[in-house]
Amino acid sequence: MRKFLVSLLLVVIAAGVASYFGWIQLQLPADTYGVIFTKTNGFEQNVVKPGTFVWRWQRLLPTNLTLFTYQLKPQETTLTSEGTLPSGALYAQYLEGKPDFSFKLKISISYLLDPSALPGLMMNNTLTPKTLGSWYTAFAKRCDAEAQNYISAQAASGNVLAHGFGSLQPGLLKDLQKSFPEVRFTSVTPDTVQLPDLALYEKAKQQ
């Protein structure tokens, strides 16, 4: 009986040790997500999230499992877009005082890197935990370029004249989300808006 109890106790202890060492999310503090890589299976597609139970037997094998962790917090980038409405300089010549039909926008864009995109970014060598900061820097430039192209296209197409500059905000948010599915865009907020007189511009255009 005594041998049985000792054996049972050893089994329980072994199970507890295995459970502890295979318990993945114990390594994840708040706002931190993990990507699992094992030598036996490669990268896993499912991201380990804090507060969820994840256990892997592969972690019991020495050096077999690596957990790459990313602390993901909301980010913000600011862009400034300047330009002139189509043929604005020409139309201004037909009005007294030659009004200025240029515009200037300063826009804050808030976003969060989608945790579910982490495995894909790692597999194509786009992102590692050590390069997260430089990835944000490069992404801000890509985001700025896309936003600039969208605003310029909207100004040139006449949509701004038909609906005003206020229509840019929801459209830009939708365009950015489509262009960068690996990111969750939360807001597009205009900080500075310097606009020409659209009614006067239309009048000059008719003349």
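Residues numbered from 1 in each chain as written. Predicted model: local features only at pLDDT ≥ 70, side-chain atom pairs only at ≥ 80, totals over all residues. Heavy atoms only, no water.

### Concerning the overall build of the chain
To be explicit about the condition: Runs of E in the DSSP output that reach at least two residues are strands. Runs of H or I that reach at least four are helices, and both are numbered from the N terminus. Exposure categories follow from relative accessible area, calculated using a 1.4 Å probe and restricted to protein chains: below 20% of the type maximum is buried, above 50% is exposed, and the middle band is partly exposed. All accessibility values rest on the Shrake-Rupley procedure with a 1.4 Å probe; residue burial counts only the protein chains present in the view.
When you go through the chain residue by residue, the secondary structure sums to seven helices and six strands. Overall, the chain shows an N-to-C arrangement of helices and strands of α-β-β-β-β-α-β-α-α-α-α-β-α. A buried classification covers 36% of the 207 residues belonging to the chain. Element-wise, carbon and sulfur atoms account for 56% of the exposed surface of the chain, whose accessible area totals about 12300 Å².

### Examining the environment of Leu173
Where we set the bar: Throughout, a residue-residue contact means that at least one pair of heavy atoms, one from each residue, lies within 4.5 Å.
Within the element layout of this structure, Leu173 appears in helix α6 (residues 168-179). What makes Leu173 partly exposed here is its relative accessible area of 27%. Through-space distance from the C-alpha of Leu173 to that of Ile109 is 8.6 Å; in sequence the pair is 64 residues apart. Setting aside chain neighbours within four positions, we find Leu173 in contact with Phe185, Ser187 and Val188.

### As for the packing of aromatic side chains
Selection criterion: Here is the rule: rings of Phe, Tyr and Trp (six-membered ring for Trp) pair when centre to centre is within 6.5 Å. Planes less than 30 degrees apart are stacked, more than 60 are edge-to-face, and the remainder are tilted.
Scanning the model with the defined rule gives 10 aromatic pairs in all. Between Phe139 and Phe180, the aromatic rings sit 5.1 Å apart at their centres with planes inclined by 75°, giving edge-to-face as the arrangement. Here Phe139 is found in helix α4 (residues 132-157), whereas its partner Phe180 is found in the loop between α6 and β6 (183-194), with 41 residues between them in sequence. Through successive ring pairs, a cluster of aromatic residues spans Tyr111, Trp135, Tyr136, Phe139, Phe180 and Phe185.

### Digging into the pattern of salt bridges
Stated precisely, the cut-off is as follows: Salt-bridge detection follows one rule: a side-chain nitrogen of Lys or Arg within 4 Å of a carboxyl oxygen of Asp or Glu.
Counted under the stated rule, the structure contains two salt bridges. Here Asp114 makes a salt bridge to Arg184, at a shortest N to O gap of 3.1 Å. In this pair, Asp114 sits in the loop between β5 (102-113) and α3 (118-123) while Arg184 sits in strand β6, placing the two residues 70 residues apart along the sequence. Residue Arg142 pairs with Glu182 through a salt bridge whose shortest N-O separation is 3.5 Å. Placement of the pair is Arg142 in helix α4 and Glu182 in the loop between α6 and β6, with a sequence separation of 40 residues. Residue classification places Arg142 among the partly exposed residues on the basis of a relative accessible area of 39%. The class for Glu182 is buried, based on a relative accessible area of 14%.

### Some words on the pairing of β5
Applicable threshold: For two strands to count as paired, DSSP must find a minimum of two bridges between them.
Bridge count between strand β4 (residues 75-84) and β5: 10 bridges; the pairing is antiparallel. Paired with Glu82 across the strands is Lys104, a residue of β5.

### Description of α6
Let me state the cut-off plainly: Here, expected helix span is obtained from the residue count minus one, scaled by 1.5 Å. The arc in question is traced by the directions running from the helix axis to the C-beta atoms.
Here α6 spans 16 Å end to end across 12 residues, near enough to the 16 Å set by a 1.5 Å rise per residue. Within the sequence span of α6, burial applies to Leu168, Gly171, Leu172, Asp175 and Leu176. Here the buried residues of α6 occupy an arc of 130° about the axis, which is enough to place them on one side. Along α6, exposed side chains directed more than 90 degrees from the buried face belong to Pro170, Lys174 and Lys178.

### Focus: the nonpolar core
Quick reminder of the rule: Residues grouped as a nonpolar core are buried Ala, Val, Leu, Ile, Met, Phe, Trp, Tyr and Cys residues, joined through side-chain atoms within 4.5 Å.
Ranked by size, the top nonpolar core spans 39 residues in total, and within it Leu113 and Phe185 carry the most contacts. It is α4 that contributes the most residues to this core, nine residues altogether.

As far as function goes, none of this settles anything; it's purely spatial.
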